[in-house]
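Commentary on secondary and tertiary structure
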Amino acid sequence: MAQLNFKAIGTSWQIDIYQNIDQKKEAEIFSNIKDRIETFESNYSRFRDNSIVTKISKEESKGKIYELPDDAEKMFTLYHDLYVLTDGFFTPLVGNLLSDAGYDAKYSLEKQKELTTPPTWDEALEYHRNKLLVKKPVLLDFGAAGKGYIIDIVGELLENNNIYEYCIDAGGDILYKNKTPIRIGLENPENTGQVIGVYTLNNGGFCGSAGNRRAWGKFNHIMNPKTLESASEIAAIWVTAESTMIADALTTCLFFIPAKTLARKYDFEYLLMHKDFSIEKSEGFSCEFFS
Amino acid sequence: MNSINQSYKKIGILIGIVAVLAVIIVTFANEDEQDVASTNDTQPSVQTQNSDVGNKNSNQSGESSSNTPTTQTPVVIPKQTKPSNTKQTTVYKNGTYTADGSYMTPEGNVSINVTVTLANDIITDANVTSVSGDRTSVRYQNKFISGYKQYVVGKNIADVQLSKVSGSSLTPEGFNNALATIKSQAKS
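Residues numbered from 1 in each chain as written. Chains lettered and ligands numbered in written order. Predicted model: local features only at pLDDT ≥ 70, side-chain atom pairs only at ≥ 80, totals over all residues. Heavy atoms only, no water.

Re the overall build of chain B
- For chain B, the count of helices and strands is 3 helices and 8 strands.
- When the elements of chain B are put in sequence order from the N terminus, they spell out α-β-β-β-β-β-β-α-β-β-α.
- The buried share of chain B, taken over its 188 residues, is 34%.
- Intrachain contacts of chain B at a sequence separation of at least 6 include 59% that bridge at least 24 residues. (Helix = DSSP H or I, 4+ residues; strand = E, 2+ residues; numbered from the N terminus. Buried < 20%, exposed > 50% of the residue type's maximum accessible area, 1.4 Å probe, protein only. Contact = heavy atoms within 4.5 Å.)

Remarks on the packing of helix H3 (residues 72-85) of chain A against helix H6 (residues 146-160) of chain A
Residues and elements named next belong to chain A.
- With their axes 11 Å apart at the nearest point, H3 and H6 run at an angle of 145° to one another. In this structure, H3 crosses over H6, and the sense of that crossing is right-handed. Taking contact as the criterion, the partners of Lys74, Met75 and Tyr79 in H3 are, on H6, Gly146, Tyr149 and Glu156. (Axes fitted to C-alpha atoms, helices over the stretch in contact; angles between N-to-C directions. Left-handed = near helix turned anticlockwise from the far one by under 90°.)

A closer look at the sheet that holds strand E5 (residues 131-134) of chain A
Residues and elements named next belong to chain A.
- As summarised here, the arrangement of the 3 strands in space is E3-E5-E4, forming an open sheet in which the pairing is antiparallel. One side of each edge strand has no neighbouring strand; the edge strands of this open sheet are strand E3 (65-67) and strand E4 (125-128). Taking the axes of each pair of neighbouring strands and ignoring which way they run, one obtains an average angle of 20° across the sheet.
- Summarising the sheet, E3 and E5 pair through 3 bridges and their orientation is antiparallel. For Ile65, the partnering residue across the bridge sits in E5 and is Leu133. (Pairing = 2+ DSSP bridges.)

Quick word on the nonpolar core
Residue and element names in this part refer to chain A.
- Core analysis: the largest hydrophobic core is formed by 75 residues, its most contacted members being Trp13, Ile15, Ile33, Leu82 and Phe268.
- Residue contacts for Ile33: discarding those within four places in its chain leaves Phe6, Ile15, Val154, Leu157 and Leu158.
- In this structure, Ile174, Tyr199, Leu201 and Ala210 belong to the second largest nonpolar core, which totals 21 residues. (Core = buried A, V, L, I, M, F, W, Y, C linked by side-chain atoms within 4.5 Å.)

Section: H3 of chain A
Residues and elements named next belong to chain A.
- For H3, spanning 14 residues, the distance from its first C-alpha to its last is 20 Å, which sits close to the expected 20 Å at 1.5 Å a residue.
- For H3, the complete set of buried residues consists of Ala72, Met75, Phe76, Leu78, Tyr79, Leu82, Tyr83 and Leu85.
- Just past H3, the residue Asp87 takes up positive phi, approximately 55°. (Expected span 1.5 Å × (residues − 1).)

Topic: the packing of aromatic side chains
- Per the counting criterion, the structure on display carries 23 aromatic pairs over all chains.
- Ring geometry for Phe76 of chain A versus Tyr127 of chain A: centroids 4.7 Å apart, planes at 20°, classification stacked. Linking Phe76 of chain A in helix H3 with Tyr127 of chain A in strand E4, this pair joins segments that are 51 residues apart in sequence.
- For Phe76 of chain A, a relative accessible area of 3% corresponds to the buried category.
- Each ring, one from Tyr79 of chain A and one from Phe142 of chain A, has its centre 5.1 Å from the other, and the planes form 85°; the classification is edge-to-face. Of this pair, Tyr79 of chain A sits in helix H3 while Phe142 of chain A sits in the loop between E5 and H6; the two residues are 63 residues apart in sequence, bridging distant segments of the chain.
- Looking at Tyr79 of chain A, the relative accessible area reads 0%, which means it is buried.
- Accessibility expressed as a relative area gives 6% for Phe142 of chain A, which makes it buried.
- Feature note: the residues Phe40, Tyr44, Phe76, Tyr79, Phe90, Tyr127, Phe142 and Tyr149 of chain A constitute an aromatic cluster, connected by ring pairs.
- Stacked on the ring of Phe175 of chain B, the Lys or Arg Arg214 of chain A has its end atom at 6.0 Å from the ring centre.
- For Lys226 of chain A, the ring lying beneath its charged end belongs to Phe89 of chain A, and the centroid distance is 4.5 Å. (Phe/Tyr/Trp six-rings, centres within 6.5 Å; stacked < 30°, edge-to-face > 60°. Lys NZ or Arg CZ within 6 Å of the ring centre and 35° of its normal.)

Notes on the pattern of salt bridges
Residues and elements named next belong to chain A.
- Enumeration according to the criterion identifies 15 salt bridges over all chains in this entry.
- For Arg36, the salt bridge goes to Asp71, with nearest N and O atoms at 2.8 Å. Here Arg36 is found in helix H1 (residues 23-44), whereas its partner Asp71 is found in the loop between E3 and H3, with 35 residues between them in sequence.
- Measuring nitrogen to oxygen at the nearest pair gives 3.0 Å for the salt bridge that ties Arg48 to Glu38. Residue Arg48 is located in the loop between H1 and helix H2 (52-56), and its partner Glu38 is located in helix H1; the two are separated by 10 residues in the primary sequence.
- The class for Arg48 is partly exposed, based on a relative accessible area of 26%. (Salt bridge = Lys/Arg side-chain N within 4 Å of Asp/Glu carboxyl O.)

Put into structure tokens, the structure is as follows:
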């Protein structure tokens, strides 16, 4: 049994290993995990000066082709698929929008300039097999699915080390593999000392999203790229899917897109809570609610 | 195209439920009149309750039970003494009534079960459950069912047995500090 707590990608992580593991191996694995997350963050974070994302946002990137790391393929493919499926409501091209609204690298948390609609994917980018052509410099943001993705990557790392019983919790986005289920409280976004229900997770990814923490002025970090406003009617969304990356991406999608559209392509269960505390959910989201 | 199907389904569900409720009300409104006519003998009579309006089956149970199968079932009409002198004070008999309704969707016929409890002419409880196997319809029914009825409240974490909590991601110190600064600036 082992536990690791640390901070990374802007949130708090806790990794639990439910198998017996010798101390030397444990230290080695935990060190590898931290390195892997650091590599991911240094490539894809818009809050890092030297990240690929920051480079692409600068004027001098125009017309250049960037060779991306191997792990880009899965993430870019998902982002593009969802971009098409959601008709652009789910897009990585929202970095400038978030930044201009105040959620910038300096955490200004005040509107910096007039907000403009993000460019379309084709206007700004051309992506093919880890090669990215920048037609127009743009600030990308992978917050919607990046965390879920790196959680899955960490899970793979554990499994490559023969650890198959574990829980990875990065700020409430969870990947869980174990023989017995785990009870996950659904945090009340209006009162973080409370939960509105408890979900019993057997195995897989489980993600939650709400606008209560990263909120400033009339904005929160869940921004609608077409209305240029932040989600307000829906208070919180939870999704479970086999992969944490998909669960993470879909929590964002569901703020703007009906579940039926997403269900055409993805297998998932969800719960959505409106600001009046009424709930909507898929049939298979089996959960204990408080009322 | 999707939104047309969506509204079509919602209208279908609403029509289904309104029609089913209408059947329930009509059924036991008739029951009031029949009571006097059918109780001339001293033996309890067994009748098959069968009112067919379109696709719907309906079933009535007295105050003591509430479950119902979806097929027609014999209903026992209790022996009644001579009409009493006391005036009936409610328009509809108190009790729990249940019926199945069905409606057409582009994916085919789907069904729902509606149960209402009446006390003093007021619906004191209502329940709608989906019977359909079609995944899409079930999803819509759940949207309707949970939308019309289910609200949640918060419960203190200390009072709940759980191992994890999931919601918006915990924010880093830098963000929290910036937020605190902005808020204090706004106050001054």
